[in-house]
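Fold and geometry: a report
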Amino acid sequence: MEPHSGTEHLTAHREGATLVLTMNRPAARNALSLPMLVGLHDGWLEADADDTIRSIVLTGAGGAFCAGMDLKALAGAGLAGERYRDRMKADPDLHWKAMLRHHRPRKPVIAAVEGPCVAGGTEILQGTDIRVAGESAVFGLYEVRRGLFPIGGSTVRLQRQIPRTHALEMLLTGRPYSADEALRVGLVGRVVPDGTALDRALSTAERINACGPLAVEAVKASVYETAELTESEGLAAELARGWPVFDTEDAREGARAFAEKRDPVYRRA
């Protein structure tokens, strides 16, 4: 483990080529605060800017992922939160970027979920690429139960990620979903024993990190760019993204390493 940075309520450290962002308000089930939002925003940008980072894992401390927005903390940040308020005033979209509503990192983002992942937690989850959940994790969009609207992107994104009937049930009932049910409807990709979600996410990240970084980033970009295109438009866009990858030194290194029966050494070139 390599020491790293972070902000109040969010810690960041390196595990090799993986940046691990940990929402760190366990007493509040990691409910979102100003410092946490600023830390998430900065973490996504740091990962994109640092070519030694090849993947990101997002998790929560204390057996919880994120219980949504902490309205009391946001309203009462006081003097301790002024520097964070100033950041958000300077960029009115900062909180949306932090929640991955208005920002998609170039690097793959893997969510490691334990415990509650509800309201804003489920909204952030929809901005991640690969999702691992402990078997006792709980998901849900509770906003309508409070007379609120899930404005973090859920009415747009959820129906594109799981069947519409399941998306509407989740959105309109505000009920909790178990990890097994989240797996069945496709909200998460894997359920593991409690306490092991982070380990599984890190092992997935290690597999990604061993691949060609230019190829990984191009594949991720292509998947999202083509999601709403027609098949013919998507295939054309895929070629535009994919062909340049073949003309890289990394692609040649991958072929050489295969022929020489060794691990490749990729240099983002």
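Here's what I pulled together on the structure shown here.

So, how was this worked out
Note on numbering: residues in each chain are counted from 1, in written sequence order. Given that the model is predicted, a residue must reach a pLDDT of at least 70 before its local features are reported, and side-chain atom pairs must reach 80 or more before they are shown or counted; all residues, however, enter totals for whole chains, interfaces and linings. Here the side-chain values reflect all heavy atoms present in the structure, with hydrogen atoms and water set aside. The disulfide criterion used throughout: a pair of cysteine sulfur atoms within 2.5 Å. Relative accessibility thresholds used throughout: buried, under 20% of the residue-type maximum; exposed, over 50%; partly exposed, between the two (1.4 Å probe, protein chains only). What counts as an axis is a line fitted to C-alpha atoms, over the stretch in contact for a helix, and the angles between N-to-C directions run from 0 to 180 degrees. Strands here are runs of E lasting at least two residues and helices are runs of H or I lasting at least four, both read from the DSSP assignment and numbered beginning at the N terminus. Between 65 and 115 degrees an angle is taken as roughly perpendicular, under 35 as roughly parallel, over 145 as roughly antiparallel, and anywhere else as oblique. The contact criterion used throughout is that any non-hydrogen atoms of two residues lie within 4.5 Å. Two aromatic rings from Phe, Tyr or Trp, using only the six-membered ring of Trp, form a pair when their centres are within 6.5 Å; if the ring planes differ by under 30 degrees the pair is stacked, by over 60 it is edge-to-face, and anything between is tilted. The criterion is that NZ of a Lys, or CZ of an Arg, lies within 6 Å of the ring centre and within 35 degrees of the ring normal, and then a charge sits over that ring. Here, strands pair whenever DSSP counts at least two bridges between them.

Thoughts on the state of the cysteines
- Scanning the model with the defined rule gives zero disulfides in all.
- The thiol of Cys 66 is not disulfide-bonded; the next cysteine sulfur, from Cys 117, is found 7.2 Å away.
- Using a relative accessible area of 0% as the deciding quantity, one classes Cys 66 as buried.

Overview of the packing of helix α10 (residues 213-225) against helix α11 (residues 231-246)
- Here α10 crosses α11 at 175°, and the two axes come no closer than 9 Å. Taken together, the axes of α10 and α11 are roughly antiparallel relative to one another. Contacts from Leu 214, Ala 215, Ala 218, Ala 221, Ser 222 and Glu 225 of α10 reach α11 at Glu 238, Arg 241 and Val 245.

Section: the packing of aromatic side chains
- Throughout the structure, instances matching the rule amount to one aromatic pair.
- Over the face of the ring belonging to Trp 96 we find Arg 101, whose NZ or CZ atom lies 5.0 Å from the ring centre.

Some remarks on the sheet that holds strand β9 (residues 177-178)
- Here three strands make up an open sheet; going across it, the order is β6-β8-β9 and the pairing mixed. In this open sheet, the two strands that pair with only one neighbour each are β6 (116-118) and β9.
- When strand β8 (residues 138-140) meets β9, the two strands line up antiparallel, connected through two bridges. By the bridge assignment, Val 138 is partnered in β9 with Ser 178.

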